[in-house]
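# Residue-level structural notes
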Amino acid sequence: MKKIVITGGAGFIGSHIVEKFADLYPQAQIVVLDKMTYAADIRNIDDLVRSNRVHLVVGDICDMATCLRVVDDADLVIHAAAESHVDNSFSSSMEFTRTNTLGTHCLMEACRVSEVPKIIHVSTDEVYGEIREGSVDETTNLNPTNPYSASKAAAEMIISGYRQSFKLPVVTLRANNIFGIRQFPEKIIPRFIMLVMTGQKLTIHGTGEYSRHYLSAHDLTNALHVLVTKGVLGEKYNIGTTEEYTNLTMAKMICDIFGVPVAENLIHVNDRLFNDARYAINWDKIAGLGWKPQHSLKDELGSIARWYADNHSRYDGFGPLRRRPTINS
């Protein structure tokens, strides 16, 4: 491949994708299109940009001229740009529709005009809605339950239309919650880590019994590469893990890393307007292509906490560092 475009490449998930594909395709030109909102950080890809290994284009995927310019002559487009914090979607739902739905439409149209030969669209397991028991596969109807998941499901509907009408060469992945370093501390893992480090109490929605599956950013990028090389155009693939934790369990795991009692460091707050009790997906389809998760949150949580301790100045809104991780993980 000569040119790979990655949208949202300066954010958490996107920067891991950039690192992976820059390593896998050393001769390819890597172009990142990122609006550089609050959740993006140039430090996530600074070394690659400074070395001219990656070219950063600061722009909006809702701008057609920008999309056309960026995807011109691309061999592969990986679409990871999105507004993704569910809490924010309740107060800023129109922005989520604009970025996640209209932005995806704009990018797909640019890819159609430019005849991009392969596109990977990064979606979410949340498009299936609440799954209280068992798990769902890719044939399950979409049933989004909040403004974020609705905007992502709508994006998939647009892609489906482009696939049927224009034979647009898109592969869609639907992944579990992603964990790793560089995640902006609005999501539960980095937020809880930052709160404990700065001597603040952890805030738990409702009872804290909601559960989520957690997938490593590295396992996600490995899955992406499998889909680039083996994924069938037009197909959807669930990317998942068996590692499932309630919010209360997550709080305990993080408090244990810092050697503080969880019961004395929790505050239960009002739940959001609607909170899915559980998401769960079956990922046999991509397993059939040779992929399986290789990283464990339980094993890597300590090293993630140490990264946030070493980089706490990035997020100075939490206040000064008061604690560091106290155990080896």
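Anything mentioned here points back to the structure above.
Predicted, not measured: the structure shown is a model, and the values here were computed from it. The written sequence of each chain sets the order in which its residues are numbered from 1. At least 70 in pLDDT is required for a residue's local features to be given in this predicted model, at least 80 for side-chain atom pairs to be given and counted, and no such filter applies to totals for whole chains, interfaces and linings, which use all residues. The side-chain values count all of the structure's non-hydrogen atoms but skip hydrogen atoms and water molecules.

In this analysis, rings of Phe, Tyr and Trp, with Trp reduced to its six-membered ring, are considered paired at centre separations within 6.5 Å, and the interplanar angle assigns stacked below 30 degrees, edge-to-face beyond 60, and tilted for intermediate values. Within the structure shown, the criterion is met by nine aromatic pairs. Aromatic pair Phe184 and Tyr315: ring centres 6.0 Å apart, planes at 85°, arrangement edge-to-face. In this pair, Phe184 sits in the loop between strand E7 (177–179) and helix H7 (188–197) while Tyr315 sits in the segment after helix H11 (297–310), placing the two residues 131 residues apart along the sequence. The class of Phe184 is partly exposed, set by a relative accessible area of 27%. Relative to Tyr315, the ring of Tyr308 has its centre 6.0 Å away and its plane inclined at 35°; by these criteria the two rings are tilted. For Tyr315, a relative accessible area of 8% puts it in the buried group. By the criteria applied, helices consist of DSSP H or I runs no shorter than four residues and strands consist of E runs no shorter than two, each listed in order from the N terminus. Partly exposed residues are those whose accessible area sits between 20% and 50% of the maximum for their type, while under 20% is buried and over 50% is exposed, using a 1.4 Å probe and protein chains only.

Pairing is parallel across the open sheet formed by seven strands, whose spatial order is E3-E2-E1-E4-E5-E6-E10. This sheet does not close on itself; its edge strands, each paired only once, are strand E3 (54–58) and strand E10 (236–239). Neighbour to neighbour, the strand axes of the sheet diverge by 20° on average, direction disregarded. Any two strands with at least two DSSP bridges between them are considered paired. Bridge count for strand E1 (residues 3–7) against strand E2 (residues 29–34) is five bridges, and the pairing is parallel. Along E2, the bridge assignment pairs Val5 with Val31. Whether two residues are in contact is decided by their heavy atoms: any pair within 4.5 Å suffices. Angles run from 0 to 180 degrees between N-to-C directions of axes, and those axes are lines fitted to C-alpha atoms, restricted for helices to the stretch in contact. The sheet strands contacting helix H5 (residues 93–114) are E1, strand E4 (76–79), strand E5 (119–124) and strand E6 (170–175), and the helix crosses E4 at an angle near 175°. Each of E4, E5, E6 and E10 touches helix H8 (residues 217–230); the most contacted strand, E6, lies at about 155° to it.

Attention shifts here to H7. Within H7, eight of the ten residues are buried, which leaves it mostly tucked inside the rest of the structure. For H7, the set of buried residues is Ile189, Pro190, Phe192, Ile193, Met194, Leu195, Val196 and Met197. The secondary structure elements touched by the buried residues of H7 are E7, strand E8 (202–205), strand E9 (211–216), helix H9 (247–258) and H11. Looking one or two places after H7, you find Gly199, whose phi comes out positive at around 75°.

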